[in-house]
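# Geometric and topological summary
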Amino acid sequence: MLSLNRTSFLNKTGISGSCSPSISRVQRRGPVSVRVVALGSNGRAGEGNAAVLVEKNKLKEMREESSSSPLIDDVDSKPTVAGGVQDVYGEDSATEDQFVTPWSVSVASGYSLLRDPHHNKGLAFTIKERDAHYLRGLLPPTVASHELQVKKMMDNIRQYQVPLQRYMAMMDLQERNQRLFYKLLIDNVEELLPIVYTPTVGEACQKYGSIFMRPQGLFISLKEKGKILEILRNWPEKNIQVIVVTDGERILGLGDLGCQGMGIPVGKLSLYTALGGIRPSACLPITIDVGTNNEELLNDEFYIGLRQRRATGQEYAELIHEFMTAVKQNYGEKVLIQFEDFANHNAFDLLARYGSTHLVFNDDIQGTASVVLAGLVAAQKLVGGTLADHRFLFLGAGEAGTGIAELIALEMSKQTKAPLEETRKKIWLVDSKGLIVNSRKESLQQFKKPWAHDHEPIKELVDAVKAIRPTVLIGTSGVGRTFTKEVIEAMASINEKPIILSLSNPTSQSECTAEEAYTWSQGRAIFASGSPFAPVEYDGKVFVPGQANNAYIFPGLGLGLIMSGTIRVHDDMLLAASEALAGQVSQENYDKGLIFPPFTNIRKISAHIAAKVAAKAYELGLATRLPEPKDLVQYAESCMYSPAYRNYR
């Protein structure tokens, strides 16, 4: 008899929910009789843990009839993407998920099943399932519903007073019961989003070496140069659709955290699934470890990365190029690669170099820009006028600042038909040396030069506010409390309703708090921040601050790219995402002074964003999944991963 491990069935026959090419070749003529035997550690049937075993003569029969006999009872002979639209390429859909496993074969049984986070249901296993899969005695007699499990876990998590402890509890749950983790996150997104992502994930990255228990994702270091393709093939899932990759050099506003930046790709991909509906098995977090310049980490006995200074120049470029080439070779043209928390000097170069050859996206540059633009478009309902009527002043001229500025200029150019060079003149940036002006142009980095305008040099932000007289003040500096009382008061003296966006993460690095913005502007500011702040009461009125969180944009954007089979990201897709998000702000939200919708509706929001992005991809001729669905919103919703438990036979 021949033993087939779990990967043989799950990854090659689509039991994990994928409509893979191997299944697409199966035609339905009639079932094959397959005897499944559970062997214990002593080799006797029916005892202990079970592996999937198929009699040798039956395996031969299966091979001979591979074009006529399904391993799975309920797979259609014509593979479709979710929603019933035929997948003409025979590829995996964005989030396609079959309901019933394991059909005619057993994926796992007994103790092994309880230790498999992809299939474990804990106390939710029914009595019938416990009998069928050798779980009798391995679980208490109670059968709990999915909803009761969610209630219990939320009660447990709320008992922790320290956010990092809540983060660790969530990560532990993800490693034990994946579907319960995502149901918990989806059902309690506003409460748990600050735990699994910013601001708590920042602290988690700082202490990653100390709290590290089980590896998540792939770690690729300089030691693996020349072997990256081999490393990618070590990952158990083969149908990868989204990769989030970091080199850890600029983690949030915390600086160089080296290999410990892995918390960011893990957190981002959790949101791709929970908020955008991308299947967990289609997501791959990666950290590229080229060393760190953080002396504290280099001297930390618990640090998990390379203990050397960062590689730069040609050595760095060659490793990244090998990685990008290997990803395309292993996963194909349409895998989305999201660059995350690379330092300025690399982020812009990587986006420019690979934007024309790969499906790449930088959330710090493009995602932040898209969500901020959405907030500014929505804010026009509160202040009146158009985007072109405003003057913008940024504190911070890095990836986020220049990325936002460029997208605002593009949108103004689109609205007014004015040249991009003209619309850029309405936008001013302040960096660590003061206002960016033409007299500094020779010493500026390339990505800052488009924002150098004619003006006398100004060193202090408050003086720049008084001189430029902006209607919108945006902070992307990564330096906390730089929007001082004098700065906010100056903005309030110039504008009846000053728009103040304090975007730096985590909360400790925010340019000002919500309370400061509302208090110092006498309650007139339209405020949003990168990390969440609690509601503020001022002069008898309660103000609910908005959150300009990238999580509004990147999950829906990713879903739109994947479900349309897009091969390149275009600026017009980012504009479309911004317009879709702004369109989801209701009058009720406006009445509260909000310029972003609540996260409670995030899956609906993501579906609308995905539809707009996909529509733009089809319009630009960059979509490959044909024909175009008639109702893209409905199609996006049908593609979304569901964390509901499957029923085991």
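Residues numbered from 1 in each chain as written. Predicted model: local features only at pLDDT ≥ 70, side-chain atom pairs only at ≥ 80, totals over all residues. Heavy atoms only, no water.

### Some remarks on the overall build of the chain
When helices and strands are tallied, the chain shows 27 helices and 20 strands. Residues counted as buried form 60% of the 649 residues belonging to the chain. If you take every contact in the chain between residues at least 6 apart in sequence, the share linking residues at least 24 apart comes to 73%. Of the accessible surface of the chain, which amounts to about 26400 Å², a share of 50% is contributed by carbon and sulfur atoms. (Helix = DSSP H or I, 4+ residues; strand = E, 2+ residues; numbered from the N terminus. Buried < 20%, exposed > 50% of the residue type's maximum accessible area, 1.4 Å probe, protein only. Contact = heavy atoms within 4.5 Å. Areas by Shrake-Rupley, 256 points an atom, 1.4 Å probe, with all protein chains shown as cover.)

### So, the UniProt feature "binding site: a divalent metal cation" (unreviewed entry) in the chain
Under the UniProt annotation, the feature "binding site: a divalent metal cation" (unreviewed entry) is placed at E340, D341 and D364. These annotated residues cover 25 residues of sequence, and their C-alpha atoms lie no more than 6.8 Å from one another, placing them together at a single site. Judged by its relative accessible area of 1%, E340 falls in the buried class. Once residues lying within four places of it in the same chain are set aside, the contact partners of E340 are Y197, V244, V245, T246, D247, I264, K268, D363 and D364. In this structure the side chain of E340 is engaged in a polar contact, spanning 3.4 Å, whose partner is the side chain of K268. (UniProt positions renumbered as here; feature names shortened; annotations may be inferred. Polar contact = N/O pair within 3.5 Å; in protein donor to acceptor, adjacent residues only side chain to side chain.)

### A short note on the nonpolar core
Note on soluble globular proteins: their nonpolar side chains tend to be buried together. Counting residues in each nonpolar core, the largest one holds 125 residues, and the members touching the most others are Y272, L376, I408, I427 and I474. Residues within four places of L376 in sequence aside, it is in contact with L387, F392, I408, V472, I474, I499 and L501. Ranked by size, the runner-up nonpolar core spans 37 residues in total, among them L222, I320, I337 and A347. (Core = buried A, V, L, I, M, F, W, Y, C linked by side-chain atoms within 4.5 Å.)

### Focus on the pattern of salt bridges
Inspection of the entire model under this criterion finds 26 salt bridges. For E422, the salt bridge goes to K425, with nearest N and O atoms at 3.3 Å. One salt-bridge network, held together by shared partners, links R250, D341, D364 and E399. (Salt bridge = Lys/Arg side-chain N within 4 Å of Asp/Glu carboxyl O.)

### Structural notes on the pairing of strand β15 (residues 499–502)
Burial of the side chains of β15 extends over both faces: I499 and L501 are buried on one face and I500 and S502 on the other. Handedness of the crossover joining strand β14 (residues 472–475) and β15 through helix α21 (residues 485–494): right-handed. Pairing of β15 with strand β16 (residues 526–529), which is carried by 4 bridges, proceeds in the parallel orientation. Bridge pairing in β16 places I499 opposite I526. You can see the chain leave β15, run along helix α22 (residues 514–520) and come back into β16, and the turn it takes is right-handed. (Right-handed = clockwise from strand over helix to strand, strands pointing away. Pairing = 2+ DSSP bridges.)

### Some remarks on the sheet that holds strand β11 (residues 392–395)
Taken in spatial order, the 7 strands make up an open sheet running β13-β12-β11-β14-β15-β16-β19, and their pairing is mixed. Two strands bound the open sheet, and with one partner strand each, they are β13 (434–435) and β19 (546–547). The strands touched by helix α18 (residues 399–416) within the sheet are β11, β12 (427–431) and β14, with β12 carrying the most contacts at an inclination of about 175°. (Axes fitted to C-alpha atoms, helices over the stretch in contact; angles between N-to-C directions.)

### Considerations on the UniProt feature "binding site: (S)-malate" (unreviewed entry) in the chain
In this numbering, the UniProt entry assigns the feature "binding site: (S)-malate" (unreviewed entry) to R250, N505 and N549. Residues in contact with R250, not counting those within four places in the same chain, are G255, D341, F342, A343, D364 and E399. Residue class for N505 comes out buried when judged on its relative accessible area of 19%. Setting aside its immediate chain neighbours within four residues, N505 contacts T198, L252, G253, G530 and S531.

### A few points about helix α8 (residues 178–187)
Three or four residues apart is the spacing at which side chains of an α-helix point the same way, because the helix has 3.6 residues per turn. For α8, the buried fraction is high: 8 of the 10 residues fall into the buried class. Turning to α8, the residues buried within the fold contact α6 (146–159), α7 (163–176), α9 (189–196) and α13 (263–276).

### A few points about the pairing of strand β8 (residues 283–289)
Burial of β8 is extensive: 7 of the 7 residues sit out of reach of the surface. Here β8 shows two buried faces, one formed by C283, P285, T287 and D289 and the other by L284, I286 and I288. One ladder, built from 4 bridges, connects strand β6 (residues 218–221) with β8; its direction is parallel. Counterpart to L218 in the pairing with β8 is I286. By the bridge criterion, 5 bridges tie strand β7 (residues 242–246) to β8 in an arrangement that is parallel. Counted as the bridge partner of V242 is C283 from β8. In terms of handedness, the path from β7 via α13 over to β8 forms a crossover that is right-handed.

### A few points about the environment of G258
Counting through the fold element by element, G258 comes out in the loop between β7 and α13. Leave out the neighbours within four places in its chain, and G258 touches D247, G248, G291, T292, L297, Y303 and R310.

### Description of the sheet that holds strand β9 (residues 336–339)
Here 5 strands make up an open sheet; going across it, the order is β6-β8-β7-β9-β10 and the pairing parallel. The open sheet has two free edges, formed respectively by β6 and β10 (360–362), since each of these has just one partner strand. The average undirected angle you get between the axes of adjacent strands in this sheet is 25°. Direction of pairing for β7 relative to β9: parallel, over a ladder of 4 bridges. What sits directly across from V245, in β9, is F339. Its contacts with the sheet put α13 on β7, β8, β9 and β10, and the angle it makes with β8 is roughly 165°.

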